[in-house]
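Here's the letter readout for the chains.
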Amino acid sequence: MISLLQQFDQQSPAESGKELHRFAAKLYPICRSITGNGIRRTLKLIGEKISLQVSEVPSGTEVFDWIVPKEWNVNDAYIKDSAGRRVVDFHHSNLHLLNYSTPIHTTMPLSELREHLFTLPAHPDWIPYRTSYYKPSWGFCLSHNQMLALSEKEYEVCIDASLEDGHLTYGECYLPGKSSDEVLISTHACHPSLANDNLSGLTVATFLARLLSGRELRYSYRFLFIPGTIGAVTWLARNREAAGRVRHGLVLTCVGDASGFHYKKSRREDAEIDRAAAHVLRHCGEPAEVLNFSPYGYDERQYCSPGFNLPVGCLMRSVWGTFPEYHTSADNLDLVHPGQLARSLQLCASIVDVLENNRTYLNQNPYCEPQLGRRNLYRSTGGQSIDGEINARLWVLNLSDGQNSLLDIAERSGLPFATIHNATELLLESKLLAEMASGA
Ligand SMILES: [Zn+2]
């Protein structure tokens, strides 16, 4: 297949970044949660860009050790002072409401209300993001300065929300390839107005799916837009057969901020996706770090649970929980940059290029070097120095003994996968290589 990255480079990265950021901005105001109309609206907007199949799973459904919770929807939520002024207003920021708050409408003194207020004294202007999915509770999140301004008076507290039997909603984009073996791209779609975590992941996954749509693909691709944890648990419980077809997978989160890249390895730690991602990061020209697996983080925890042990890693820029803006109102659209989103998409495309093109070949002329000049292979095809290109051809010829994949050759030669792949295409044209039979 034509390299995805080549197609990407033909578009303007600046334009592509702006388009990604515009889409994130469109999704930003929606009050999402692990269930409810916010995630439905989000999936509807994603479905305008790619072909998306939406599933609704009834509350109460048992999924492994979990139960699909009641559905939560909010109309309004506020705290009013005695003069009737809204001192905290859900319509100003959906982070103001403890996500999954139970409904309430009452008046109470500040001393009592305080037990239900959450602030961040270290960042007195930021609103924290808090949830209470599995323990019935209610509360408001506000800036510390907002709380300091409250006087010891009575307040009207209203959470006009419903928590009732309904559904858990998730979206899937399935792109069939030549093989039924699958590449899984999973991203959590449950966070409300937070940009890096995880509108960045939603946006990059959507545009990656769009880039792959309609192409001739080696693998089949499945993009999951799901609520965190319970969504992955639910999908895995309902799709054990499809899970068994996953050969490579990536969880995408926090890919829009200014940090360099981080790739957290799958539980297997030496899966092809782990090697492909580490290779692409090494050559990406930005600071990048590969992290060992840990059973803490995002939905890779479910995919990498011991019963599944799927080869699924997690691609991030900043690591969850480590940047000050994490789970606060400061994780807004300013924290996410068009250029960083575009580079993240480009990096994902490079990883897909490796997976799609990583095959093993056999040198058809293994006794001494073939005479390249006679085959017009001692000239440059442009773009790189002739030495670099010939170097790549010699590496591919030398290591194509049926034992080394192109990724092995890229790693051992220190050359980028794309350079090794380009050399391979030329050598195949000259019949100096033949492909080894492979599963996918
Ligand atoms: Zn989060």
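Because the structure is predicted, anything quoted here is derived from the model rather than measured.

### Notes on the pairing of strand β10 (residues 167-175)
Then step 1. For β10, a buried count of seven out of nine residues is recorded, marking the element as mostly surrounded by other parts of the structure.
Then step 2. Note that β10 and strand β12 (residues 220-226) share five bridges and pair antiparallel. For Glu172, the partnering residue across the bridge sits in β12 and is Leu224.

### A word on the packing of aromatic side chains
Then step 1. Applying the stated rule across the entire model yields nine aromatic pairs.
Then step 2. On the numbers, 5.6 Å between centres and 75° between planes, the contact of Trp66 with Tyr134 is edge-to-face. Pair noted here: Trp66 is in strand β3 (residues 66-67) and Tyr134 is in the loop between β7 (117-118) and β8 (140-141), with a separation of 68 residues, a long-range link.
Then step 3. An aromatic cluster of at least three residues, connected via ring pairs, comprises Trp66, Trp72, Tyr100, Tyr133 and Tyr134.
Then step 4. Directly above the aromatic system of Phe261 lies the positively charged group of Arg317, at a separation of 4.0 Å from the ring centroid.

### Here's the deal with the coordination of the zinc ion
Ideal geometry at a metal centre gives angles of 109.5 degrees when four donors are arranged tetrahedrally and 90 or 180 degrees when six donors are arranged octahedrally.
Then step 1. Coordination sphere of the zinc ion, protein contribution only: His191 (NE2), Asp197 (OD), Tyr298 (OH) and His327 (NE2), at 2.0 to 2.2 Å.
Then step 2. Coordination at the zinc ion is irregular: its four donor atoms span angles of 76 to 130° at the metal.
Then step 3. Counting the intervening residues between successive donors of the zinc ion yields the motif H-x5-D-x100-Y-x28-H. Here the residue Tyr298 occupies a position in the loop between β15 (288-291) and α10 (300-303), and His327 occupies one in the loop between β16 (312-316) and α11 (338-357), the gap between them amounting to 29 residues. A single burial state applies to Tyr298 and to His327, both of which are buried.

### Some words on empty space enclosed by the protein
Then step 1. If you walk through the whole model with that rule in mind, you get one cavity of 30 Å³ or more.
Then step 2. Considered as a void within the structure, the largest cavity measures approximately 30 Å³ in volume.
Then step 3. Around the largest cavity sit Val183, Ile185, Leu208, Leu250, Ile273, Cys348, Ile351, Val352 and Leu355, which together line it.
Then step 4. Of all the secondary structure elements, the ones that give two or more residues to the lining of the largest cavity are β11 (182-188) and α11.
Then step 5. Looking at which element gives the most residues to the lining of the largest cavity, the answer is α11, with four residues.
Then step 6. The class makeup of the residues in the lining of the largest cavity is nine nonpolar, no polar and no charged.

### Thoughts on the environment of Pro29
Then step 1. Mapping Pro29 onto the fold places it in the loop between α2 (13-27) and α3 (37-47).
Then step 2. Judged by relative accessible area, which is 56%, Pro29 ranks as exposed.
Then step 3. Taking the C-alpha atoms as reference points, Pro29 and Pro192, separated by 163 residues in sequence, lie 7.5 Å from one another.
Then step 4. Beyond its immediate sequence surroundings of up to four residues, Pro29 is in contact with Asn94 and Ser193.

### Things to note about the environment of Arg86
Then step 1. With respect to the helices and strands, Arg86 occurs in strand β5 (residues 86-89).
Then step 2. Those residues in contact with Arg86, other than ones at most four positions away along the chain, are Asp76, Ala77, Tyr78, Ile79, Lys80 and His91.
Then step 3. In terms of polar contacts, Arg86 uses its side chain to reach the side chain of Asp76, at 2.7 Å.

### Looking at the nonpolar core
Then step 1. If you look at the biggest cluster of nonpolar residues, it comprises 76 residues, and the most contacted ones within it are Leu212, Tyr221, Phe223, Phe225 and Leu315.
Then step 2. Of all hydrophobic cores here, the second largest spans 60 residues; its members include Phe140, Leu224, Leu236 and Tyr326.

### Overview of the pattern of salt bridges
Then step 1. The final tally for this structure, using the stated rule, is 21 salt bridges.
Then step 2. Of the charged contacts, one joins Arg359 and Glu435 as a salt bridge, the two residues approaching to 3.3 Å between their closest N and O atoms. With Arg359 in the loop between α11 and β17 (360-363) and Glu435 in strand β19 (residues 433-435), this residue pair connects regions lying 76 residues apart in the sequence.
Then step 3. Given the relative accessible area of 42%, Glu435 is considered partly exposed.
Then step 4. The network of salt bridges with common partners includes Glu172, Glu182, Arg222, Glu241 and Arg245.

### Concerning the sheet that holds strand β9 (residues 154-164)
Then step 1. In spatial order, the strands read β5-β4-β9-β6; together these four strands make up an open sheet with antiparallel pairing. Each edge of the sheet is formed by a strand with only one pairing partner; in this case those strands are β5 and β6 (104-109). For this sheet, the mean inter-axis angle between neighbouring strands, taken without regard to orientation, is 20°.
Then step 2. Looking at chain direction, β6 and β9 are connected through six bridges and run antiparallel. Residue pairing across strands places Met108 opposite Tyr155, the latter belonging to β9.

### Quick word on the packing of helix α6 (residues 195-212) against α11
Then step 1. With their axes 10 Å apart at the nearest point, α6 and α11 run at an angle of 50° to one another. In terms of their interaxial angle, α6 and α11 are classed as oblique. Relative to α11, the crossing made by α6 is right-handed. Residues Ser200, Val204, Phe207, Leu208, Leu211 and Leu212 of α6 lie in contact with α11, whose contacting residues are Leu341, Ser344, Leu345, Cys348, Ala349 and Val352.

### Re α3
Then step 1. Among the residues making up α3, those that are buried are Gly38, Ile39, Thr42, Leu43, Leu45 and Ile46. The buried residues of α3 all sit within an arc of 160° when viewed along its axis, so they share a single face. Residues Arg41 and Lys44 are exposed on α3 and point more than 90 degrees away from its buried face.

What counts, and at which threshold
All residue numbers here refer to positions counted from 1 along the written sequence of the relevant chain. Since the coordinates come from a predicted model, pLDDT governs what is reported: local features require at least 70, and pairs of side-chain atoms require 80 or more to be given and counted, while whole-chain, interface and lining totals use all residues. Water and hydrogen atoms play no part in the side-chain values, which are based on all heavy atoms of the structure. Here the term buried applies to any residue with accessible area under 20% of the maximum for its type, exposed to any over 50%, and partly exposed to those in between, with areas from a 1.4 Å probe on protein chains only. Helical segments are the DSSP runs of H or I of at least four residues, strand segments are the runs of E of at least two, and each set is numbered from the N terminus. In short, DSSP must find at least two bridges between two strands for them to pair. The aromatic pairing rule takes the rings of Phe, Tyr and Trp, using the six-membered ring of Trp, and pairs them if the centres are within 6.5 Å, calling planes under 30 degrees apart stacked, those over 60 edge-to-face and the rest tilted. Counted as over-ring charges are cases with an Arg CZ or a Lys NZ within 6 Å of the ring centre that also lie within 35 degrees of the ring normal. Listed donor atoms are N, O and S within 2.8 Å of the metal (Na, K and Ca: 3.2 Å). As water is not included, a site may look incomplete. Between 85 and 135 degrees for all angles marks four donors as tetrahedral; over 155 degrees for opposite donors together with 65 to 115 for all other angles marks four donors as square planar and six as octahedral; every other arrangement is irregular. As defined here, a cavity is a set of points on a 1 Å grid over the protein atoms alone where a 1.4 Å probe fits but cannot get out. A pocket is an open set with protein on both sides within 12 Å along at least five of seven lines, and residues line them when an atom is within 4 Å of a point. Grid points are joined across faces, edges and corners, and a volume is the space filled by probe spheres set on the points. Any residue that is not Ala, Val, Leu, Ile, Met, Phe, Trp, Tyr, Cys, Pro, Asp, Glu, Lys or Arg is counted as polar, Gly included; the first ten are nonpolar and the last four charged. Contact between two residues is taken to exist if any of their heavy atoms lie within 4.5 Å; hydrogens are not considered. Any pair of nitrogen or oxygen atoms within 3.5 Å is treated as a polar contact; in protein, a donor-acceptor pairing is required on top of that, and neighbouring residues in sequence qualify only through side-chain atoms on both sides. Take the buried Ala, Val, Leu, Ile, Met, Phe, Trp, Tyr and Cys residues and link them wherever side-chain atoms come within 4.5 Å; each set so joined is a nonpolar core. One side-chain nitrogen of Lys or Arg within 4 Å of one carboxyl oxygen of Asp or Glu is enough to make a salt bridge. Note on method: axes are straight lines fitted to C-alpha atoms, helices fitted across the in-contact stretch only, with angles between N-to-C directions ranging 0 to 180 degrees. Should an angle lie under 35 degrees it is considered roughly parallel, over 145 roughly antiparallel, and from 65 to 115 roughly perpendicular; all remaining angles are considered oblique. The hand of a helix crossing depends on one turn: near helix anticlockwise from the far one by less than a right angle means left-handed, and clockwise means right-handed. Read the arc as the range of directions from the helix axis to the C-beta atoms.

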